[in-house]
Amino acid sequence: MSTNPAIASLQPERQALKIPDHIGVIMDGNGRWANARGLRRSEGHRAGVQAVRRIVELCISYKVRCLTLFSFSSENWRRPPDEINFIFGLLRRFVSSDLNRLVAANVRIRIIGERAGLESGLRAIIEEVEAKSAANTGLDLVVAFNYGAKAEIVSAVRQIAGKVATGEISPDEIDEALLDGHIYTHGLPDPDLIVRTSGEMRLSNFLLWQSAYAELVFVEEAWPDFDEAVFLKVLRTYSERDRRFGGIAS
Ligand code: FPP
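We now turn to the structure provided with this report. This one's a predicted model, so the numbers in the text were calculated from it and none came from an experiment.

Reading the values: rules and limits
- Residues numbered from 1 in each chain as written.
- Predicted model: local features only at pLDDT ≥ 70, side-chain atom pairs only at ≥ 80, totals over all residues.
- Heavy atoms only, no water.
- Pairing = 2+ DSSP bridges.
- Helix = DSSP H or I, 4+ residues; strand = E, 2+ residues; numbered from the N terminus.
- Right-handed = clockwise from strand over helix to strand, strands pointing away.
- Axes fitted to C-alpha atoms, helices over the stretch in contact; angles between N-to-C directions.
- Salt bridge = Lys/Arg side-chain N within 4 Å of Asp/Glu carboxyl O.
- Buried < 20%, exposed > 50% of the residue type's maximum accessible area, 1.4 Å probe, protein only.
- Near = heavy atom within 4 Å.
- Polar contact = N/O pair within 3.5 Å; in protein donor to acceptor, adjacent residues only side chain to side chain.
- Areas by Shrake-Rupley, 256 points an atom, 1.4 Å probe, with all protein chains shown as cover.
- Nonpolar A, V, L, I, M, F, W, Y, C, P; charged D, E, K, R; others polar.
- Contact = heavy atoms within 4.5 Å.
- Parallel < 35°, antiparallel > 145°, perpendicular 65-115°, else oblique.
- Left-handed = near helix turned anticlockwise from the far one by under 90°.

1. Description of the pairing of strand β3 (residues 108-112)
Note on strand geometry: in a regular strand, side chains alternate between the two faces of the sheet.
Then, in step 1: Pairing of β3 with strand β4 (residues 140-147) involves five bridges; the strand directions are parallel. Of the residues in β4, the one forming a bridge with Ile 111 is Val 143.
Then, in step 2: Regarding the hand of the β-α-β motif, the stretch spanning β3, helix α6 (residues 120-133) and β4 is left-handed.

Below, the structure written as structure tokens:
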């Protein structure tokens, strides 16, 4: 629970908020946050990891069932090698220290994205935390790393086409549920809410299939400034949305 009196005074409001089952987050603005403070971009990413720790704790506290964080897109390879190396270093430390601690806190972890581009040591640690946490029943924490939604859909289609080719399924059996079963997030609910920080208003190839009916909320704060006050603001906006899923207002 928050020790900040301003946040603590919001407890009655907190009870009235709708809590999404699944929140997806596009963590944007680390570089601009650092530049605005005369710091190197790497300091922005370091501060971004602190914000990752905060949102995981917030989701546990507010009983969000699933949190997906977009931490490195397939397009981020276009960045300078030094920055890529730095982000990989942060991820390696996060996976080997934080994730192990979270496994002990009943968090179930899944890393989604293309693993072929990752070095074998990192792949081994990822596989280990996933296996160790597979039976956990608390928050589902999904880290999208080397992830691109279009590539995810292509990979699902390729798997399904392979099954059609061997006669395991017929083309008539291809439906939304079958595709759902072949994407990285199979078994998890679709995101109810996608949040993007730092004022940009686009999805940038994040969970395109899964977010068909997600509410999109964009905030001006840069990712390193994401805290409980921003989280509450986002939940307030989400709670005010009328989700009709193509129907009419209730
Ligand atoms: C967006 O800011 C952030 C990234 C591309 C990297 C996000 C990485 C982390 C928060 C750290 C590693 C993650 C984990 C889960 C340990 P940007 O660099 O695009 O910022 P800008 O748009 O201001 O340049």
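Following the structure, the description resumes.
2. Notes on the sheet that holds β3
Then, in step 1: Read across the open sheet, the six strands follow the order β3-β4-β2-β1-β5-β6; overall the sheet is parallel. The strands lining the two open edges of the sheet, one partner per strand, are β3 and β6 (215-218). Between one strand axis and the next, the sheet turns by 20° as a mean value, whatever way the strands run.
Then, in step 2: Relative to β4, strand β2 (residues 66-73) runs parallel, the two sharing seven bridges. By the bridge assignment, Phe 70 is partnered in β4 with Ala 144.

3. Section: the pattern of salt bridges
Then, in step 1: Overall, the coordinates contain 16 salt bridges when judged by the stated rule.
Then, in step 2: A salt bridge links Glu 128 to Lys 132; the shortest N-O distance between them is 3.6 Å. Remark: Lys 132 and Glu 128 occur in helix α6; sequence separation between them is four residues, near one turn of the helix.
Then, in step 3: The exposure class assigned to Lys 132 is partly exposed, which follows from its relative accessible area of 45%.
Then, in step 4: Close ionic contact of Lys 233 with Glu 221 constitutes a salt bridge, the shortest N to O distance being 2.8 Å. Remark: Glu 221 occurs in the loop between β6 and α9 (228-240) and Lys 233 occurs in helix α9; sequence separation between them is 12 residues.

4. Here's the deal with the site of the ligand
Then, in step 1: Contacts to the ligand come from 14 residues, most closely from Met 27, Gly 31, Arg 32, Arg 41 and Arg 79.
Then, in step 2: Between Asn 30 and the ligand, the recorded distance is 3.2 Å, taken from a backbone N or O atom to an oxygen atom.
Then, in step 3: If the ligand stood free it would expose 620 Å²; the protein chains cover 92% of that surface.
Then, in step 4: Breaking the shell around the ligand down by element, the ones donating at least two residues are α3 (30-36) and α4 (41-61).
Then, in step 5: Of the residues forming the shell around the ligand, the biggest block, four residues, is contributed by α4.
Then, in step 6: Residues of the shell around the ligand, tallied by class, amount to three nonpolar, seven polar and four charged.

5. Comments concerning the side chain of Glu 130
Then, in step 1: Turning to its location among the elements, Glu 130 is positioned in helix α6.
Then, in step 2: Within the structure, Glu 130 has its side chain in polar contact with the backbone nitrogen of Ile 111 (distance 2.7 Å).
Then, in step 3: If near-sequence neighbours (up to four positions away) are discounted, Glu 130 is found in contact with Ile 109, Arg 110, Ile 111 and Arg 115.

6. A word on the packing of α4 against helix α5 (residues 81-104)
The geometry of a pair of packed helices is captured by two quantities: the angle between their axes and the separation between those axes.
Then, in step 1: Where α4 meets α5, the axes come as close as 10 Å, and the angle between the chain directions of the two elements is 25°. Comparing the axis directions of α4 and α5 gives the class roughly parallel. By crossing handedness, the relation of α4 to α5 is classed as right-handed. Judged by residue contacts, Arg 41, Ser 42, His 45, Arg 46, Val 49, Val 52, Arg 53, Val 56 and Glu 57 of α4 engage Glu 83, Phe 86, Ile 87, Leu 90, Arg 93, Phe 94, Asp 98, Arg 101 and Leu 102 from α5.

7. Let's talk about the pairing of strand β5 (residues 193-196)
Then, in step 1: By the alternation rule, side chains of β5 split into Leu 193 and Val 195 and Ile 194 and Arg 196, which are all buried.
Then, in step 2: Where strand β1 (residues 22-26) meets β5, four bridges bridge the pair, whose relative direction is parallel. Each residue of the ladder has a partner; that of Ile 23, found in β5, is Leu 193.
Then, in step 3: Two strands pair when backbone bridges link them, and β5 and β6 are joined in this way by four bridges, in the parallel orientation. Within β6, the residue paired with Leu 193 across the bridge is Glu 215.

Shape is all these values report; function is a separate question.
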